[in-house]
Amino acid sequence: MARQFFVGGNFKANGTKKQVTQIIDNLNSQELPKEVEVVIAPPSLYIDLAVKENKQPTVQVGAQNVFNKPPGAYTGELTAEQILDVGATWTLTGHSERRTIIKESDEFIAEKTKYALDNGLKVILCIGETLDERKSDVTLQVCARQLDAVSKIVSDWKNIVVAYEPVWAIGTGLAATPDDAQETHKGIREHLAKTIGKEQAEATRILYGGSVNGKNAPDFRDKADIDGFLVGGASLKPEFVDIIKSRL
Ligand code: PGA
């Protein structure tokens, strides 16, 4: 089954109004391939701006985080309803920076994912192992545990894209090799087949994330289970367009 190539841009807590506008202006000025689905996730303060500035029909805007409850007395939180209200359609959940720095648990991430999906957002669910876990050879167990928390409470995965992002590869300049990434992606898909069924597992896109840039993106093109990328640092730069075009 052909899975549509997907490229996400996670700006993290980077940029100003002016810089976010420049990034989007650059995307607007390009001829982007129609067959590639693109989602950009600016800092939450600039989601509204990004939705208004974006003129590309294949580019959608997402949040980097979402809460697991409706609007209410939750100081500092961002709800799915509000994200949708300003015209964004996606959210990330489970990014490793939130898992490790903010100490979000698998269960909390699963609840956020479910709440977002139930209320009409699509979700890029991020998973991945730390360097210590890699060295202990438990990569697939960690990914399985993170996925299982979600599959326990979410049965319909059609609006979920999984992003496999080994923590040791994020922001380090040391991307996983295409062969290593493919092996893990294959393992992730096999695991999903057992938990959400073969058909859904085959249809679910699994992105690779961690030091993807304009130069190394084409190296992943022949890998059967790598359906796109989640890009951090390089999504702030003009080379993001090269990544979007890397499968042409
Ligand atoms: P990076 O980040 O591309 O800067 O390594 C990826 C991510 O954290 O999504």
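Procedures and definitions
Residues numbered from 1 in each chain as written. Predicted model: local features only at pLDDT ≥ 70, side-chain atom pairs only at ≥ 80, totals over all residues. Heavy atoms only, no water. UniProt positions renumbered as here; feature names shortened; annotations may be inferred. Helix = DSSP H or I, 4+ residues; strand = E, 2+ residues; numbered from the N terminus. Expected span 1.5 Å × (residues − 1). Buried < 20%, exposed > 50% of the residue type's maximum accessible area, 1.4 Å probe, protein only. Contact = heavy atoms within 4.5 Å. Pairing = 2+ DSSP bridges. Right-handed = clockwise from strand over helix to strand, strands pointing away. Phe/Tyr/Trp six-rings, centres within 6.5 Å; stacked < 30°, edge-to-face > 60°.

As annotated in an unreviewed UniProt entry, the protein carries the name Triosephosphate isomerase and comes from Lodderomyces beijingensis. The Subunit (unreviewed entry) field of the UniProt record for the protein holds the comment "Homodimer." UniProt lists a comment for the protein under the heading Sequence similarities (unreviewed entry), and it reads "Belongs to the triosephosphate isomerase family."

Structural notes on helix 7 (residues 139-151)
In a regular helix each residue adds 1.5 Å, so 13 residues correspond to 18 Å; helix 7 covers 18 Å between its end C-alpha atoms and thus fits that length. Here helix 7 has its buried residues at T139, V142, C143, A144, Q146, L147, A149, V150 and S151. Residues of helix 7 that are buried sit in contact with helix 4 (96-100), helix 5 (106-118), strand 5 (122-127), helix 6 (131-135), strand 6 (160-164) and helix 8 (178-196).

Topic: the pairing of strand 2 (residues 37-41)
The element strand 2 is extensively covered by neighbouring structure, given that five of its five residues are classed as buried. Alternating positions in strand 2 separate into two faces, E37, V39 and A41 on one and V38 and I40 on the other, with burial throughout. Summarising the sheet, strand 1 (residues 6-10) and strand 2 pair through five bridges and their orientation is parallel. Each bridged residue has a counterpart across the sheet, and for V7 the counterpart in strand 2 is V38. In the classification by handedness, the crossover that spans strand 1, the intervening helix 1 (residues 17-28) and the parallel strand 2 is right-handed. In the sheet, strand 2 pairs with strand 3 (residues 59-63) via three bridges, with the strands oriented parallel. Across the sheet, the residue bridging to V38 is V59, located in strand 3. Note that the unit made of strand 2, helix 2 (residues 47-53) and strand 3 has a crossover that is right-handed.

Thoughts on the packing of aromatic side chains
How two aromatic rings sit relative to each other is set out by the distance from centre to centre and by the angle between their planes. Within this structure, the stated rule accounts for six aromatic pairs. Measuring from centroid to centroid gives 5.2 Å for F6 and W90, while their planes differ by 65°, and the two rings are edge-to-face. On the criterion of sequence distance, the pair formed by F6 in strand 1 and W90 in strand 4 (residues 90-93) is long-range, its members being 84 residues apart. W90 matches F6 in its accessibility class, with the two residues each being buried. A centroid spacing of 6.3 Å and a plane angle of 75° characterise the contact between F67 and F108, whose relative ring orientation is edge-to-face. One end of the pair, F67, is in the loop between strand 3 and helix 3 (80-85); the other, F108, is in helix 5, and 41 residues separate them in sequence. Residue F108 is classed as partly exposed on the basis of its relative accessible area, which comes to 25%.

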